[in-house]
Amino acid sequence: MDKYLIVGLGNPGMEYADTRHNIGYMVLDAFAKASNVVFSDRRYGFVAEASLRGRKLVLLKPTTYMNLSGNAVRYWLNKENIDESRLLVVVDDLALPLGTFRLKGRGSAGTHNGLGHIQQLIGQDYARLRLGIGNDFAQGSQVNFVLGAFSTEEREVLQPVIDTSVDIIRSFVLAGVDITMNQYNRKGQGAKKEQGARGKEQENTL
């Protein structure tokens, strides 16, 4: 049976629930709910297993805290004997506006500490789904921003992206990263334009 490792980055603990840095957790929770599976507390993370048309999906929410995410990813790749080409990491991205996303087949970690630690341990030849959280914070307050909770208004913008991310995970498993990038990345940028159009409409009503 073909196996895939789907990782949602975040920090464990109620104090981090629904924060911007935990958007990876939020996507995996949505995927698990849609797949009718539940997570259990395993080594290095909360883990659930799902199946999709004869393929096994190992869903992982690392409990190593963000800066040591690579420990969990490497362990579960080795334990399940999963090739890095069948790894997808879902992660927050300050460089993308809220409501947008981008799937990449490989690439550098940028300034993200979680991706940085994964890269240290396994390299950068793996797929990652970057979900925009925006960068609307004052200089020097980045940590407070990423560890802050989404507002009600932000959650309304975010929910369609979470729903689409569930579809992207399914497509990644069934069709592969290249076809999935071609199908969805344009939609991710389209979400950005639509969000901008809504902002202009609001400005015109002020």
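Residues numbered from 1 in each chain as written. Predicted model: local features only at pLDDT ≥ 70, side-chain atom pairs only at ≥ 80, totals over all residues. Heavy atoms only, no water.

Colleague: Lay out the pattern of salt bridges in plain terms, naming residues and giving numbers.
Modeller: Think of it this way: side chains of opposite charge can pair up when their charged atoms draw near. One pass over the structure, following the stated rule, counts 10 salt bridges. With its nearest N and O atoms 2.6 Å apart, the salt bridge here joins Asp 125 to Arg 106. In this pair, Asp 125 sits in the loop between helix H3 (113–122) and strand S7 (127–132) while Arg 106 sits in the loop between strand S6 (101–104) and H3, placing the two residues 19 residues apart along the sequence. Through salt bridges that share partners, Lys 3, Glu 49, Lys 56 and Glu 80 make up one connected network. (Salt bridge = Lys/Arg side-chain N within 4 Å of Asp/Glu carboxyl O. Helix = DSSP H or I, 4+ residues; strand = E, 2+ residues; numbered from the N terminus.)

Colleague: Pulling in residues and values, what's your account of the nonpolar core?
Modeller: Core analysis: the biggest nonpolar cluster contains 36 residues, and Ile 6, Leu 57, Leu 59, Leu 88, Leu 129 and Leu 131 have the highest contact counts within it. At 8 residues, the largest contribution of residues to this core is made by helix H5 (residues 152–175). Apart from the residues within four sequence positions on either side, Leu 57 is in contact with Tyr 4, Ile 6, Phe 31, Ala 48, Glu 49, Ala 50, Leu 52, Ile 169 and Val 173. Of all hydrophobic cores here, the second largest spans 20 residues; its members include Val 7, Met 66, Val 73 and Trp 76. (Core = buried A, V, L, I, M, F, W, Y, C linked by side-chain atoms within 4.5 Å. Buried < 20%, exposed > 50% of the residue type's maximum accessible area, 1.4 Å probe, protein only. Contact = heavy atoms within 4.5 Å.)

Colleague: Which residues make up the sheet that holds S6, and what values do they have?
Modeller: Taken together, the 7 strands give an open sheet; going across it, the order is S2-S3-S4-S1-S5-S7-S6, and neighbouring strands pair in mixed fashion. Single-partner strands in this sheet number two, and they are strand S2 (40–42) and S6. For this sheet the average axis-to-axis angle between neighbouring strands, irrespective of direction, equals 25°. With 8 bridges joining them, strand S3 (residues 45–52) and strand S4 (residues 55–62) adopt antiparallel strand pairing. Opposite Gly 45, over in S4, you have Pro 62 as the bridge partner. Where helix H2 (residues 69–80) meets the sheet, its contacts fall on strand S1 (3–8), S2, S3, S4 and strand S5 (87–93), and the angle it forms with S4 comes to roughly 155°. (Pairing = 2+ DSSP bridges. Axes fitted to C-alpha atoms, helices over the stretch in contact; angles between N-to-C directions.)

Colleague: Explain the environment of Ile 23 to me, and be specific about the residues and the numbers.
Modeller: If you trace the backbone, Ile 23 turns up in helix H1 (residues 23–35). We classify Ile 23 as buried; its relative accessible area is 0%. Sequence spacing of Ile 23 and Asp 92 is 69 residues, and the spatial spacing of their C-alpha atoms is 5.9 Å. In this view, Ile 23 contacts Leu 9, Val 91, Asp 92, Leu 131, Ile 133, Phe 150 and Leu 158; residues no more than four positions away in its chain are not counted.

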